[in-house]
Amino acid sequence: MTEKKKTLEVKNLKKHFPIKNGKVVRAVDGVDLEIYEGETLGLVGESGSGKSTIAYMIVGMYKASDGSIIYNGEDLTKRGIKRTKEQKGNIQIVFQDPSSALNPRRKIKKSLEFTLKLHGEVDKGNLGEKAEDLLEMVGLPREFGENYPRSIGGGERQLASVARAMAANPSLLILDEPTSALDVSVQAKVIRKLTELQKERNLSYLFITHDLSLMRNIATRVAILYLGKVCELAPAEDFFEKPLHPYTQMLLSSIPVATDEEELLRPEKVVSTGEIPSPVDIPPGCAFHMRCPDRMDICSKELPQMTEVKKGHSVCCHKYCVQKTAAEAQEEEKEVSSDEK
Ligand SMILES: Nc1ncnc2c1ncn2[C@@H]1O[C@H](COP(=O)(O)OP(=O)(O)OP(=O)(O)O)[C@@H](O)[C@H]1O
Ligand SMILES: [Mg+2]
């Protein structure tokens, strides 16, 4: 089997925002993730869980408080080293609100030309054509570039902002809730185009959303974020068939399902108690313990460790740390008895 090529790796990534009275918002608090060539990693979490903060660090808009972001073997967080133009182009972001990526006073074609120039397309005579190629690449008519962003529909505007991102020739696109501000009728069109684009160009996607049902169709793997930490990470199939973390089960038990098959897979309704804690005041132990229907004594005292329960499927929950310890103990027992023989 050929080895999958890693596009990006983040290790122990943290972002702590100092606020008033010496307090700190622990928005991202030790995240490890890997994104492989051609795959879509879905990053899912409730509002305020730190999804956008992770995206902004990866793309270089925020400086990480700690940890590393490794692209093509190079650590982009190294102090005192600025990202090169090429590195900036390699990782692009598409925001929920496409207006933030397109200058409202410029025709779309001009915005695309600007980005092309910025990222090294210097042959001026060629710019217009290249900009139109980008529009075609995202499924928009070539003449669409003559429009201003405000005079086109939301879905088209988002596709134009994908074209703007593609003008930098990226290998990784971070999609931060790219369809959640769109009408349902155009959401599918944008998703379809993104999927096609990924296949054609072998792009890696970090797809951020709070919509788990969307992940069912497009993610290769899914990571669940809770208060700045990943609590479960699994291949999409595994994830929907056998979610392990009580928080994931809670999220999955409340999403609408489209088919009887999905209904069979849906976990029983998990009712959580309590509110999501503030990232300024994260409780000790597992941050989910106060809401967790399965909590044990240890959960309020010790941080659980990420445990790989099955190949590629990891969970950060004491229920499974204990299991691992038992499995390890068994393994050790076996080793001891074979040594004694
Ligand atoms: N500049 C900042 N200063 C202080 N706190 C911040 C700052 N930016 C984000 N936060 C806090 O960090 C936490 C994570 O925010 P973030 O925007 O990353 O969440 P999110 O998962 O993207 O949420 P949403 O789904 O609403 O977009 C939140 O508690 C937010 O209030
Ligand atoms: Mg966000």
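Everything here concerns the structure above.
Predicted model only: the values in this text are computed from it and were never measured.

> Go over helix α6 (residues 184-201), please, and point to the residues and values.
With 18 residues, α6 should cover 26 Å at 1.5 Å per step; its first-to-last C-alpha distance of 26 Å lies within 8% of that length. Here α6 has its buried residues at Val-190, Ile-191, Lys-193, Leu-194, Leu-197 and Gln-198. Looking down the long axis of α6, one finds its buried residues gathered within 165° of arc, a one-sided arrangement. Opposite its buried face, α6 presents the exposed residues Ser-185, Arg-192, Lys-199 and Glu-200, each directed more than 90 degrees away. Next to the buried residues of α6 lie β3 (40-44), α4 (124-137), α5 (154-166), β7 (172-176), β8 (204-209) and α7 (212-218).

> Please give an account of the pattern of salt bridges that cites residues and values.
Evaluated as defined, the whole model comprises 16 salt bridges. With a closest N to O distance of 3.4 Å, Glu-34 and Lys-6 form a salt bridge. Of this pair, Glu-34 sits in strand β2 (residues 24-36) while Lys-6 sits in strand β1 (residues 6-18); the two residues are 28 residues apart in sequence, bridging distant segments of the chain. Between Asp-29 and Arg-26 there is a salt bridge; the shortest N-O distance is 3.1 Å.

> Now, about the site of ligand 1: what can you tell me, with residues and values included?
Residues in contact with ligand 1 amount to 14 residues; listed here are only the nearest, Ser-47, Gly-48, Lys-51, Ser-52 and Thr-53. At 2.5 Å from an oxygen atom of ligand 1 is found a side-chain nitrogen or oxygen belonging to Ser-47. Within the side chain of Ser-52, a nitrogen or oxygen atom sits 2.9 Å from an oxygen atom of ligand 1. The fraction of the free accessible surface of ligand 1 (640 Å²) that becomes covered by protein chains is 64%. For the shell around ligand 1, the secondary-structure elements that each account for two or more residues are β2 and α1 (51-59). The element contributing the most residues to the shell around ligand 1 is α1, with 3 residues. Residues of the shell around ligand 1, tallied by class, amount to 5 nonpolar, 6 polar and 3 charged.

> Tell me about the packing of helix α3 (residues 108-118) against α5, and name the residues and values.
The N-to-C vectors of α3 and α5 enclose an angle of 20°; their axes lie 8 Å apart at closest approach. Taken together, the axis directions place α3 and α5 in an arrangement best described as roughly parallel. Classified by chirality, the crossing of α5 by α3 is right-handed. Only Ala-160, Ala-163 and Arg-164 of α5 make contact with α3, whose side of the interface consists of Ile-108, Leu-112 and Thr-115. The class makeup of the residues in the contact of α3 with α5 is 4 nonpolar, 1 polar and 1 charged.

> Explain the packing of aromatic side chains to me, and be specific about the residues and the numbers.
As enumerated under the stated definition, the model contains 7 aromatic pairs in all. Measuring from centroid to centroid gives 6.3 Å for Tyr-56 and Phe-95, while their planes differ by 55°, and the two rings are tilted. Of the two residues, Tyr-56 is situated in helix α1 and Phe-95 in the loop between β6 (91-94) and α3; the sequence distance between them amounts to 39 residues. By relative accessible area, Phe-95 is classed as buried at 19%. Grouping aromatic residues by their ring pairs yields a cluster made of Phe-17, Tyr-56, Tyr-62 and Phe-95.

> Outline the environment of Ser-161, listing residues and values.
In this fold, Ser-161 is placed in helix α5. A sequence separation of 66 residues divides Ser-161 from Phe-95, and the C-alpha atoms of the two residues are 8.4 Å apart. Residues contacting Ser-161, with those up to four places away along its chain left out, are Val-94, Pro-98, Ala-101 and Leu-102.

> Which residues make up the nonpolar core, and what values do they have?
Judged by nonpolar contacts, the single largest core of 56 residues is most densely connected at Leu-212, Val-222 and Ile-224. No other element matches α5, which puts 6 residues into this core. Apart from residues no more than four positions distant in its own chain, Ile-224 is found in contact with Val-44, Leu-212, Lys-229, Val-230, Cys-231, Glu-232, Phe-239, Tyr-247, Thr-248 and Leu-251. Ranked by size, the runner-up nonpolar core spans 30 residues in total, among them Val-28, Leu-33, Leu-43 and Ala-64.

> Go over the environment of Arg-295 with me, naming the residues and quoting the values.
Assignment of secondary structure puts Arg-295 in the loop between α10 (260-265) and β11 (307-310). Among the residues examined, Arg-295 registers a relative accessible area of 45% and is labelled partly exposed. Here Cys-292 takes part through its backbone oxygen, which lies 3.0 Å from a polar atom of the side chain of Arg-295.

> I'd like a description of the packing of α5 against α6, backed by residues and values.
The geometry of α5 relative to α6 is characterised by a closest axis approach of 9 Å and an angle of 20° between their N-to-C directions. Taken together, the axes of α5 and α6 are roughly parallel relative to one another. For the element pair α5 and α6, the recorded crossing hand is right-handed. Together, Gly-155, Gln-158, Leu-159, Val-162 and Met-166 of α5 and Val-186, Lys-189, Val-190, Lys-193, Leu-194, Leu-197 and Arg-201 of α6 make up the contact between the two elements. By residue class, the composition of the contact of α5 with α6 is 7 nonpolar, 2 polar and 3 charged.

How each quantity is defined
Residues numbered from 1 in each chain as written. Chains lettered and ligands numbered in written order. Predicted model: local features only at pLDDT ≥ 70, side-chain atom pairs only at ≥ 80, totals over all residues. Heavy atoms only, no water. Helix = DSSP H or I, 4+ residues; strand = E, 2+ residues; numbered from the N terminus. Expected span 1.5 Å × (residues − 1). Buried < 20%, exposed > 50% of the residue type's maximum accessible area, 1.4 Å probe, protein only. Arc of directions from axis to C-beta. Contact = heavy atoms within 4.5 Å. Salt bridge = Lys/Arg side-chain N within 4 Å of Asp/Glu carboxyl O. Near = heavy atom within 4 Å. Polar contact = N/O pair within 3.5 Å; in protein donor to acceptor, adjacent residues only side chain to side chain. Areas by Shrake-Rupley, 256 points an atom, 1.4 Å probe, with all protein chains shown as cover. Nonpolar A, V, L, I, M, F, W, Y, C, P; charged D, E, K, R; others polar. Axes fitted to C-alpha atoms, helices over the stretch in contact; angles between N-to-C directions. Parallel < 35°, antiparallel > 145°, perpendicular 65-115°, else oblique. Left-handed = near helix turned anticlockwise from the far one by under 90°. Phe/Tyr/Trp six-rings, centres within 6.5 Å; stacked < 30°, edge-to-face > 60°. Core = buried A, V, L, I, M, F, W, Y, C linked by side-chain atoms within 4.5 Å.

Purely spatial values, then, with no claim about function.
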